[in-house]
Amino acid sequence: MIYSLYIINKAGGLVYQRDFAEGLTKLTSNEYLILAGTFHGVHAITSRISPVPSSNGLERLDSDQFTLYCFQTLTGTKFLLLTEPSHPNASTTLHHMYEIYSDFVMKNPFHTPEMPIRSDMFDRQLQKYVASL
Amino acid sequence: MNTSMRLSVASSTSGVNVPQSKVKPILERHLNKTKGAEVSLSAFTFLFSEVLQYTQKRVNGIQDLEKKLNDIGFRVGLRLHELLVWRDKNGKRETKMLNILYFIHTVLWRNMFGKQADSLEKSTENEDEYMISDNEPILTRYISVPRDLSQLNCNAFVAGIVGAVLHGAQFPARVTAHTVPIEGYPSRTTILIKLDKDVLAREELLK
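Rules used in this analysis
Residues numbered from 1 in each chain as written. Chains lettered and ligands numbered in written order. Predicted model: local features only at pLDDT ≥ 70, side-chain atom pairs only at ≥ 80, totals over all residues. Heavy atoms only, no water. Helix = DSSP H or I, 4+ residues; strand = E, 2+ residues; numbered from the N terminus. Rg over C-alpha atoms; globule rule 2.2 N^0.38 Å. Contact = heavy atoms within 4.5 Å. Areas by Shrake-Rupley, 256 points an atom, 1.4 Å probe, with all protein chains shown as cover. Core = buried A, V, L, I, M, F, W, Y, C linked by side-chain atoms within 4.5 Å. Buried < 20%, exposed > 50% of the residue type's maximum accessible area, 1.4 Å probe, protein only. Pairing = 2+ DSSP bridges. Axes fitted to C-alpha atoms, helices over the stretch in contact; angles between N-to-C directions. Buried area = accessible area lost by both parts, 1.4 Å probe. Salt bridge = Lys/Arg side-chain N within 4 Å of Asp/Glu carboxyl O. Polar contact = N/O pair within 3.5 Å; in protein donor to acceptor, adjacent residues only side chain to side chain. Nonpolar A, V, L, I, M, F, W, Y, C, P; charged D, E, K, R; others polar. pLDDT = per-residue confidence, 0-100.

This part takes up the overall build of chain A. Across its full length, chain A carries three helices and five strands. Its C-alpha radius of gyration of 15 Å places chain A within 12% of the 14 Å reference for a compact globule of 133 residues. Overall, the C-alpha framework of chain A stretches about 40 × 35 × 30 Å when taken along its three principal axes. Across chain A, contacts joining residues at least 24 apart in sequence account for 46% of those joining residues at least 6 apart. Here chain A displays about 7500 Å² of accessible surface, and carbon together with sulfur accounts for 56% of that area.

Written out as structure tokens, the structure is:
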């Protein structure tokens, strides 16, 4: 089961946040922003402290309650997917969500890059995709 | 994905083939050479997106924007009509009102979008109004209009093309695009054609 999706722009700002499961703890919008900014920093640190050169940084974070997957696009946008620990194929899911993002966000003339995403079509397509899983 | 669409999705390998060597000048090329050629929908959407953003900076209000899009479409439509009449009609344009509307509904739509329009109806309220509807307009497949512009329908561009085809066939009309959502098709668009009085009068005489 998928819990939620976060999209963080290359500057560390949260541009999209959406929960797909019932009964998740809600944060205030400010807290979501702080969470995104913090993750952005942690991600940068993990890519620097890696013993192997040219590391891509944190990709997965496991806990008893959830698993966090991070997918960074070539342009530095990060997709965070929170799932239950037993969720299979999260990277395929993330790639598909990236595809939906490139179609319905980047091809939308009313979207400003790096700004919060407000697109009905994107919401609808994501919802449809998550429901189909 | 329907592969016969004129506007195909990026993943398909079709697209306009550029000959590798000895490119013939465009004026010497046979007009049927590009018949059935497809353009990547992604590339076209990005282009249209830029057109929209460019236009949006230079207008005041939604009506002005739709008018501009309509004008841009008009320039496309004039040329497209000429080409389609040559290709499909042996160079003879339609002279009957119903025939030209049907021509738009089938030939023009198939050429632009790879499918027919979903319906062609006569308005029940006004004698001079006809409606062509598309359940899922390809042009605006990826476009979400923000709430403050909710009146806007980017298919004004298509309306411009339709207007130009009617104009080219001597059926001057005012053509506009409207969003008319129905169950299952939230972006269904109706192209409303309001024909000039003279056209109807002439049609009466020809009967």
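Let us look at the nonpolar core. Ranked by size, the top nonpolar core spans 69 residues in total, and within it Phe122 of chain A together with Trp109 and Val162 of chain B carry the most contacts. For this core, the leading source of residues is helix H3 (residues 97-113) of chain B, giving 10 residues. Every residue in contact with Phe122 of chain A, bar those within four places of it in the chain, is listed here: Ile7, Tyr16, Ile100, Tyr101, Phe104, Val105 and Ile117 of chain A. In this structure, Ile8, Leu68, Cys70 and Leu82 of chain A belong to the second largest nonpolar core, which totals 13 residues.

Turning to the sheet that holds strand E3 (residues 60-62) of chain A, a few remarks are in order. In any sheet, the strands associate via hydrogen bonds between backbone groups, in a parallel or an antiparallel arrangement. Residue and element names in this part refer to chain A. Ordered in space as E2-E1-E5-E4-E3, the five strands form an open sheet in which the pairing is antiparallel. A strand with exactly one partner marks an edge of an open sheet, and here the two such strands are strand E2 (14-19) and E3. Averaged over neighbouring strand pairs, the angle between their axes works out to 10° when direction is ignored. In terms of strand pairing, E3 meets strand E4 (residues 67-72) through three bridges, oriented antiparallel. Looking at E4, one finds that Leu61 is bridged to Leu68.

Another point: the interface of chain A and chain B. Counting residues at the interface gives 11 residues for chain A, matched by 19 residues for chain B. Per-residue buried area on chain A facing chain B is highest for Lys107, Pro109 and Phe110 of chain A; these three make up 56% of the total on that side. Taken together, the links from chain A to chain B amount to one salt bridge. Of the charged contacts, one joins Arg147 of chain B and Asp120 of chain A as a salt bridge, the two residues approaching to 3.8 Å between their closest N and O atoms. In this assembly, chain A and chain B are joined by four residue pairs in polar contact (both at pLDDT 80 or more). Those elements giving two or more residues to the side of chain A that touches chain B turn out to be helix H2 (90-104) and helix H3 (120-132) of chain A. Of the residues forming the side of chain A that touches chain B, the biggest block, three residues, is contributed by H3 of chain A. Class assignment for the residues of the side of chain A that touches chain B results in five nonpolar, two polar and four charged.

A separate point is the confidence of the model for chain A. Put simply, chain A has an average pLDDT of 92, and 100% of its residues get 70 or more. Element-level pLDDT for chain A is lowest in H3 of chain A, with a mean of 92, against a maximum mean of 95 in strand E5 (residues 78-83) of chain A.

As a further point, take the sheet that holds strand E6 (residues 189-195) of chain B. Residues and elements named next belong to chain B. Read across the open sheet, the four strands follow the order E3-E4-E6-E5; overall the sheet is antiparallel. Edge positions in the sheet fall to strand E3 (119-122) and strand E5 (173-179), since each of these pairs with one other strand and no more. Each strand axis lies, on average, 20° off the axis of its neighbour in the sheet, ignoring direction. Two strands pair when backbone bridges link them, and strand E4 (residues 129-134) and E6 are joined in this way by six bridges, in the antiparallel orientation. For Glu129, the partnering residue across the bridge sits in E6 and is Lys194.

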